[in-house]
Amino acid sequence: MQVSPFARIEMAPPDPIIGLTEAFKNDANPKKVNLGVGVYQDGAGKVPILQVVREAQERLQATEDTKNYMPIDGIPAFNQQVQSLLFGADSAVIAGARAVTVQALGGTGALKVGADFLKRFFPASQVWISDPSWENHRALFEAAGFTVNNYPYYDSETHGLDFASMLNALKALPAQSIVVLHACCHNPTGVDLSQEEWLRVVDLFQTTGLIPFLDFAYQGFAEGIDADAFAVRAFAEAGIPCLIANSFSKSFALYRERVGALTIVTPSEEEAARVRSQVKRVIRTNYSNPPSHGAQIVAAVLADAELRAHWEIELAGMRERIHQMRDLFVRRLREKGVEQDFSFIRRQQGMFSYSGLSREAVDRLRNEYGIYIVGSGRVCLAALNEKNCEYVCEAIAETL
Ligand code: LMR
């Protein structure tokens, strides 16, 4: 028999985040807790379907009359709604038709379409991501053919931002370097820039010719829909050409429907049209056109005043529960006798806490207690509830 052409292919390492979910599913420990992947769970430990999503889904099912192909760049009404969420409905960018938005397969898909587009037109550029950054950023931009570097970001002494080092590093980059910025709810640290710091970053981009790529996967999870868009709007209002990858996985809990968008801000309507034509080529040669279901739901909710108001309430509910879990986590650790100060967790934003737990502690938590945490020590607080928090804090206390 012929030797398989795949005979020499080596086993790839498990994905540092999704791989944990796979291992978690196979774990027989009845007390197991998955604090790995960034997925919101309600107080009962369920990944809920939002009420507004159910409602919009029912309406769509009653009216849907075709399964024909979608446009390459997705549903126009969805793309319009995305721009309103990103820039605010009365934005000059929208009025001037200066931004291109294409529907994408979640935030990750938006990043990849953006990366492939950039590689075509800036093949010599390098990519800069924060230190640390979302596990998949490096892999994704490397997969698009880029060399990926880190700029300083997190200060482990203060559990805050090392803004001076970040700014100095960005200042030194050659023009057309691609800089990936987390617009809010930094993943994995939960440490965001203040509005003042964002304005200083925007100033820097005005003179250096760098290409900002804002990853905006958590709109509504820090302070609110508009407040969380501060960085995106500051770049857009300053007229800085930039890319924005946004996601509805978290804000609509539509994880498996893969709904997101890539938006590219340009200086003119004419330039936007040329950019759109090229982004469409990237999509066409990749997956041709996107799926419709999730984007129809998002567009329907955002276009209907009543559904939108309900969505904002449900989103606020998720945000507030995570804030409560931050507080509970810090209090329970103290109650379980942990002397180390974890109060910084209250200051972090979004789903994650960069806990500072060592690799050894992470391994022990997994092997001895069935508690799954990303290797960097990133904990998904959105998966904690009153019940499992007790167990998790007890385990951490015994592990430290
Ligand atoms: C995460 O960081 O856990 C999420 O963004 C899910 C993912 O795709 O990694």
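Our structure is the block above this text.
I will try to describe carefully the structure that is included in this document. The model shown is predicted, which means the values in this text are computed figures rather than measured ones.

Criteria and thresholds
- Residues numbered from 1 in each chain as written.
- Predicted model: local features only at pLDDT ≥ 70, side-chain atom pairs only at ≥ 80, totals over all residues.
- Heavy atoms only, no water.
- Helix = DSSP H or I, 4+ residues; strand = E, 2+ residues; numbered from the N terminus.
- Rg over C-alpha atoms; globule rule 2.2 N^0.38 Å.
- Buried < 20%, exposed > 50% of the residue type's maximum accessible area, 1.4 Å probe, protein only.
- Contact = heavy atoms within 4.5 Å.
- Lys, Arg positive; Asp, Glu negative; His and termini not counted.
- Charge placed at Lys NZ, Arg CZ, Asp CG, Glu CD.
- Pairing = 2+ DSSP bridges.
- Right-handed = clockwise from strand over helix to strand, strands pointing away.
- Salt bridge = Lys/Arg side-chain N within 4 Å of Asp/Glu carboxyl O.
- Near = heavy atom within 4 Å.
- Polar contact = N/O pair within 3.5 Å; in protein donor to acceptor, adjacent residues only side chain to side chain.
- 1 Å grid on protein atoms, 1.4 Å probe; cavity = no way out; pocket = protein on both sides within 12 Å on 5 of 7 lines; lining within 4 Å.
- Sits in = over half its atoms within 2 Å of the grid points.
- Axes fitted to C-alpha atoms, helices over the stretch in contact; angles between N-to-C directions.
- Left-handed = near helix turned anticlockwise from the far one by under 90°.
- Nonpolar A, V, L, I, M, F, W, Y, C, P; charged D, E, K, R; others polar.
- Expected span 1.5 Å × (residues − 1).
- Parallel < 35°, antiparallel > 145°, perpendicular 65-115°, else oblique.

## Quick word on the overall build of the protein
Alright, step 1. On a plain count of helices and strands, the protein comes out with 15 helices and 13 strands.
Alright, step 2. Rg of the C-alpha trace for the protein: 21 Å, near the compact-globule value of 21 Å for 400 residues, within the 12% margin.
Alright, step 3. Considered along the principal axes of its C-alpha atoms, the protein spans approximately 65 × 60 × 55 Å.
Alright, step 4. Across the 400 residues of the protein, 55% fall into the buried class.
Alright, step 5. When contacts within the protein are restricted to residue pairs at least 6 apart in sequence, those whose partners lie at least 24 apart make up 75%.
Alright, step 6. Side chains of the protein carry 39 positive and 47 negative charges; the gap between the two charge centres is 5 Å.

## Focus on the pairing of strand β8 (residues 211–216)
Within a regular strand, the side chains alternate between the two sheet faces.
Alright, step 1. With 6 of 6 residues buried, β8 lies mostly within the body of the structure.
Alright, step 2. Of the two faces of β8, the one carrying Ile211, Phe213 and Asp215 and the one carrying Pro212, Leu214 and Phe216 are both buried.
Alright, step 3. As judged from the 5 bridges shared by strand β7 (residues 178–182) and β8, these two strands associate in the parallel manner. Note on β8: the bridge partner recorded for isoleucine 178 is isoleucine 211.
Alright, step 4. In terms of handedness, the path from β7 via helix α8 (residues 195–208) over to β8 forms a crossover that is right-handed.
Alright, step 5. Sheet topology note: the β8/strand β9 (residues 242–247) ladder contains 4 bridges and is parallel. Paired with leucine 214 across the two strands is isoleucine 244, which belongs to β9.

## Overview of the pattern of salt bridges
Alright, step 1. Across all of its chains, the model carries 17 salt bridges by this definition.
Alright, step 2. Lysine 67 serves as the salt-bridge partner of glutamate 64, at 2.9 Å between the closest nitrogen and oxygen.
Alright, step 3. The salt bridge partner of arginine 359 is aspartate 363, with a shortest N-O separation of 3.5 Å. Here arginine 359 and its partner aspartate 363 are both found in helix α14 (residues 359–369), 4 residues apart, which amounts to about one turn of the helix.

## Section: the side chain of serine 251
Alright, step 1. Note on placement: serine 251 falls in the loop between β9 and β10 (260–265).
Alright, step 2. When its relative accessible area of 4% is taken as the criterion, serine 251 is described as buried.
Alright, step 3. Not counting residues up to four positions away in its chain, the partners in contact with serine 251 are Leu50, Gln219, Phe221, Trp311, Leu315 and Met318.

## Observations regarding the site of the ligand
Alright, step 1. By nearness alone, every residue bordering the ligand is listed as Ile17, Val37, Gly38, Trp134, Asn187, Tyr218, Lys250, Phe352 and Arg378.
Alright, step 2. Side-chain polar atom of lysine 250 to an oxygen atom of the ligand: 3.2 Å apart, as the coordinates give it.
Alright, step 3. Here an oxygen atom of the ligand and a side-chain polar atom of arginine 378 are 2.8 Å apart.
Alright, step 4. Using a 2 Å cut-off from the grid points, one finds that the ligand occupies the largest pocket.

## Here we look at unusual backbone geometry
The phi angle of most residues is negative, glycine excepted, and most peptide bonds adopt the trans form.
Alright, step 1. Omega for the bond connecting aspartate 131 with proline 132 falls within 30 degrees of zero, at 5°, which places this linkage in the cis form.
Alright, step 2. By the element assignment, proline 132 lies in the loop between β3 (127–131) and α6 (135–143).
Alright, step 3. With an omega dihedral of 25°, the bond running from asparagine 187 to proline 188 counts as a cis peptide bond.
Alright, step 4. Take proline 188: it is sitting in the loop between β7 and α8.
Alright, step 5. A positive phi angle, close to 60°, is found at histidine 159, a residue other than glycine.
Alright, step 6. Within the secondary structure, histidine 159 is located in the loop between β5 (154–155) and β6 (160–161).
Alright, step 7. Even without being glycine, serine 288 reaches a positive phi, approximately 75°.

## Overview of the packing of helix α5 (residues 106–121) against α6
If you want to describe how two helices pack, look at the angle between their axes and the distance between the axes.
Alright, step 1. α6 packs onto α5 with a crossing angle of 35° between their chain directions and a minimal axis gap of 9 Å. In terms of crossing hand, the pair formed by α5 and α6 is right-handed. Here α5 contributes Thr108, Leu111, Lys112 and Ala115 to the contact with α6, which in turn contributes Asn136, His137, Leu140, Phe141 and Ala143.
Alright, step 2. Taken together, the residues of the contact of α5 with α6 break down into 5 nonpolar, 3 polar and 1 charged.

## Considerations on α8
Alright, step 1. An ideal rise of 1.5 Å per residue puts 20 Å on 14 residues; α8 measures up with 20 Å between its terminal C-alpha atoms.
Alright, step 2. Packed against the buried residues of α8 are α7 (163–171), β7, β8 and α10 (230–237).
Alright, step 3. Where α8 terminates, the next one or two residues include glycine 209, which has phi positive at roughly 70°.

## Considering the packing of helix α12 (residues 293–303) against helix α13 (residues 305–335)
Alright, step 1. Contact geometry of α12 with α13 gives a least axis separation of 5 Å together with a crossing angle of 105°. It follows from the interaxial angle that α12 and α13 lie roughly perpendicular. Mapping the contact onto sequence places Ala300, Val301, Leu302 and Ala303 in α12 and Ala305, Leu307, Arg308 and Trp311 in α13.

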